[in-house]
Amino acid sequence: MFSRGGRIKTLPPAAEVPLEGYAEPFELDWLQAPVLCGTALKLFLALAEGPMAGPLRRQLMRQNKLPQILEEVFIPERPTYQPNLQGWAPEPPAGLAALGAEGVKQAAAELAVEAAAILAGPAGFSSTQAATAAPAGTASAGGRRGARRPYTVADFYRAYASGQTTPSEVAERVIKAVAASEAQEPPMRFFVAHEPERLRQLAAASTQRWAEGRPLSPLDGVPFAVKDCVDALPYPTTGGTGFFADWRTPTQSLAGVQSLLDAGALLVGKATLHEIGLGTTGLNTVTGTARNPHSPAHHTGGSSSGSAALLAAGICPIAVGTDGGGSIRIPAAACGVVGLKPTRDRVGTENTVPPIDQTVAVTGPMAGTDCALMYALMANRGHPAGKPALPAITLPAPLPGCGSKPLAGKRAGVYWKWFDAAAPAVAAACRGAIGLLEGAGLEVVPIELPELALLRAAHSCTIASEMRNNMD
């Protein structure tokens, strides 16, 4: 037994933690912190970093329970250092379809065709189903004016296949929409970098392929964006900072990004993010802060702020984000789009993502509705040679139409104690949303997530330590 004046708490082994009624060693508490900016912030930082501020720092940290958690808790399990992905039960096959043959590498265009057929069926990409309007760049960039569904990859496919529009025409609308979003007050700041001429070149090649009846895949001519902490040539990667581009030079695009390009998708540019990706609001005083298209006075959430915002604005139907603590899921929720944080290692990032918090963050798809199609092209790629083969990619079958219970047979867990810790209005709105899902047939199961305060501290410590090690 360890001891330090009686302070050390010994946690029970994980195998002995009960599924219900576990007495938390540290309860989650509401915290209050002063909001400082400008001169006041500079003075506080000078004081906090000075030699006389040790007791103040220590007191502030104890109020946040960090020393108690990091220094005064004995955990019987050995540290793993890397996420443990062994022993997870495979997904049940019901309602899922395997993509391609396990262990066989397919060309991106072939994968896109196969995935589209699984997810939507042949009718979903039929040119006989005309799109209701020419897609891309037509949504309001500075405030929502009536709800309507976002454009999908199938909308672009049908519009191109029927001759209703071309990738070059779409590119011009996108360029116009981005320029308009920057000219308004306040500017929307969707992008850190956007090169219209390069987009026109990509679109012209796609338009030629469609004119000749040989599109590469259902994604040919579909615009997309990449969060600017992921490499996508020929753009530099700034990480939303003023120094990243000088720290490292990208030599190749993320394998998942290259797959989208190989399938014919059009890279519009690098999307804005919370500075260095460390924040949940999207605030960035270096590159400018992306605004929420539903209300420009509100944040997008972060850190994949630009990716979520440009999806909500209708600039693109798909985008790439990263997530180490909610950075895909938070802005997707705040902007009303879809975001997926894949299991770690499912999307390979070898030499194509700055090494900031590599054991925590993953790269994943964001979209209006087409996350599964993007995931199909991003997963199981970009890993080092010799890595053991990953399980085959499985995709969900389409929900059974618009019946009264399309979610019947699906289950979701909710930890109500944590859920209801939100502001009352937020909790009420979310409970209402869960009620709608239950009305559609979803089974909601109460669950418990033990040791959340410990997890929060471990998460923060891991990210800070890895940044300190990688960027020293």
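Along each chain, residue indices are assigned from 1 in the same order as the chain's sequence is written. A pLDDT threshold of at least 70 governs which residues receive local features in this predicted model, and a stricter bar of 80 or more applies before side-chain atom pairs are shown or counted, although totals over entire chains, interfaces and linings include all residues. Where side-chain values are given, they derive from all heavy atoms of the structure, hydrogens and water being excluded.

What follows deals with the overall build of the protein chain. When helices and strands are tallied, the protein chain shows 15 helices and twelve strands. Counting every position in the protein chain, which comprises 472 residues, the buried fraction comes to 42%. Residues are treated as being in contact if the distance between any of their heavy atoms lies within 4.5 Å. Intrachain contacts of the protein chain at a sequence separation of at least 6 include 74% that bridge at least 24 residues. Using the Shrake-Rupley algorithm and a 1.4 Å probe, accessible areas are obtained, with residue cover drawn only from the displayed protein chains. Split by element, the accessible area of the protein chain, about 24400 Å² in all, is 59% carbon and sulfur. Working definition: helices are DSSP H or I runs of at least four residues, strands are E runs of at least two. Numbering for both runs from the N terminus. Each residue's exposure class comes from its accessible area (1.4 Å probe, protein chains only) as a fraction of the maximum for that residue type: buried when under 20%, exposed when over 50%, partly exposed otherwise.

This part takes up the layout of surface pockets. Space left empty within the atom packing is revealed by a probe, the size of a water molecule, rolled over the atoms. Grid points spaced at 1 Å and placed over the protein atoms alone form the basis of the search, with a cavity being a set where a 1.4 Å probe fits but cannot get out and a pocket an open set showing protein on both sides within 12 Å along at least five of seven lines. Lining residues have an atom within 4 Å of a point. Grid points are joined across faces, edges and corners, and a volume is the space filled by probe spheres set on the points. Of the pockets and cavities examined, the second largest pocket occupies roughly 950 Å³. Lining the second largest pocket are 35 residues, and of these I356, D357, Q358, A361 and V362 sit closest to its centre. Put simply, the parts of the chain that give the lining of the second largest pocket at least two residues each are β7 (318-323), β9 (362-367) and α15 (452-470). In this classification, the charged set is Asp, Glu, Lys and Arg, the nonpolar set is Ala, Val, Leu, Ile, Met, Phe, Trp, Tyr, Cys and Pro, and all remaining amino acids, among them Gly, are polar. Of the residues assigned to the lining of the second largest pocket, the class counts are twelve nonpolar, 16 polar and seven charged.

Here the focus is the sheet that holds strand β5 (residues 223-227). Taken in spatial order, the six strands of this open sheet run β4-β6-β5-β7-β9-β8, and their pairing is mixed. Each edge of the sheet is formed by a strand with only one pairing partner; in this case those strands are β4 (191-194) and β8 (338-339). A pair of strands is considered paired only if DSSP assigns at least 2 bridges between the two. Judged from the three bridges that link them, β4 and strand β6 (residues 266-271) form a sheet pairing that is antiparallel. Bridge assignment links H194 to a residue of β6, and that residue is G269. Between N-to-C directions, angles cover 0 to 180 degrees, with each direction set by a line fitted to C-alpha atoms, over the stretch in contact for helices. Across the face of the sheet, helix α9 (residues 255-262) comes into contact with β5, β6 and β7 while running at roughly 170° to β5.

In this section: the pairing of β7. Counting buried positions along β7 gives six out of six residues, so the element sits mostly inside the fold. The pairing of β7 with β9 spans six bridges and is classified as antiparallel. Note that in β9 the partner of I318 across the bridge is A367.

Mapped onto the fold, S259 is located in helix α9. S259 gets classed as buried once you look at its relative accessible area, which sits at 2%. We call two N or O atoms a polar contact when they sit within 3.5 Å, provided that within protein one can donate a hydrogen and the other can accept it, with sequence-adjacent residues counted only if both atoms are side-chain atoms. A distance of 3.4 Å separates the side chain of S259 from the side chain of R381, its partner in a polar contact. Among all residues touching S259, those that are not within four sequence positions of it are A108, L377 and R381.

Let us now look at a nonpolar patch on the surface. Each patch groups residues whose relative accessible area exceeds 30% and which form no salt bridge, using 9 Å between like charges and 5 Å between nonpolar side chains of Val, Leu, Ile, Met, Phe, Trp and Tyr. For this document, the term salt bridge refers to a Lys or Arg side-chain nitrogen within 4 Å of an Asp or Glu carboxyl oxygen. Among the surface-exposed residues, L36, L41, F44, L45, L47, L56 and L60 lie close enough to one another that they form a single nonpolar patch of about 540 Å² accessible area. When residues in the nonpolar patch are grouped by element, the largest group, four residues, is from helix α1 (residues 38-48).

A few words on the confidence of the model for the protein chain. One number per residue, pLDDT, summarises how confident the predictor is, and it ranges from 0 to 100. Averaged over every residue, the pLDDT of the protein chain is 87; residues scoring 70 or more account for 89%. Confidence over residues 1-5 falls short of pLDDT 50; this stretch has six contacts with residues more than four positions distant or in other chains. The model gives residues 138-146 a pLDDT under 50, and that stretch makes 25 contacts with residues more than four places away or in other chains.

Side-chain rings of Phe, Tyr and Trp (the six-membered ring for Trp) are treated as a pair once their centres are within 6.5 Å; stacked means planes under 30 degrees apart, edge-to-face means over 60, and tilted covers the remaining angles. Summed over the entire model, instances satisfying the criterion amount to six aromatic pairs. For the pair Y160 and W210, a centre-to-centre distance of 5.6 Å together with 55° between the ring planes defines the contact as tilted. Within this pair, whereas Y160 is found in helix α5 (residues 153-161), its partner W210 is found in helix α7 (residues 196-211), the two being separated by 50 residues in sequence. Measuring from ring centre to ring centre gives 5.3 Å for F243 and F244, while their planes differ by 75°; the resulting arrangement is edge-to-face. Residue F244 is classed as buried on the basis of its relative accessible area, which comes to 0%. The rings of F156, Y157, Y160 and W210 are connected pair by pair, giving a single aromatic cluster. Just above the ring of F26 sits the side chain of K9; from NZ or CZ to the centre is 4.5 Å. Lysine and arginine charges are scored as sitting over a ring when NZ or CZ, respectively, is within 6 Å of the ring centre and within 35 degrees of the ring normal.

The subject of this paragraph is unusual backbone geometry. P234 follows L233 through a cis peptide bond whose omega is 10°. Along the chain, the position of P234 falls in the loop between β5 and α8 (244-247). Residue N351 is not a glycine yet carries a positive backbone phi of 60°. Residues other than glycine seldom take positive phi values, yet E451 does so here, at roughly 60°. As for its placement among the helices and strands, E451 is situated in the loop between β12 (443-446) and α15. Its relative accessible area of 18% is what places E451 among the buried residues.

The terminal C-alpha atoms of helix α6 (residues 167-183), which comprises 17 residues, lie 24 Å apart, in line with the 24 Å expected from a rise of 1.5 Å per residue. Taken together, the buried positions of α6 are occupied by P167, V170, A171, V174, I175, A177, V178 and S181. Looking straight down α6, one finds that the buried residues subtend no more than 165° of arc, so they occupy a single side. When the buried face of α6 is taken as reference, the exposed residues oriented beyond 90 degrees from it are K176 and A183. One less than the number of residues in a helix, times 1.5 Å, gives the span that helix is expected to have. The arc in question is the one traced by the directions running from the helix axis out to the C-beta atoms.

Let us look at the pattern of salt bridges. One pass over the full model with this rule turns up 15 salt bridges. With a closest N to O distance of 2.8 Å, R329 and D323 form a salt bridge. Taking the relative accessible area as the measure of exposure, R329 reaches 39% and is therefore partly exposed. For D323, a relative accessible area of 0% corresponds to the buried category. Salt-bridge contacts for K387 lead to D345; the nearest nitrogen and oxygen are separated by 3.4 Å. Linking K387 in the loop between α12 (371-378) and β10 (394-396) with D345 in the loop between β8 and β9, this pair joins segments that are 42 residues apart in sequence. The class for K387 is partly exposed, based on a relative accessible area of 33%. Of the residues examined, D345 reaches a relative accessible area of 25% and is grouped as partly exposed. Where salt bridges share partners, they join E172, E197 and R200 into one cluster.

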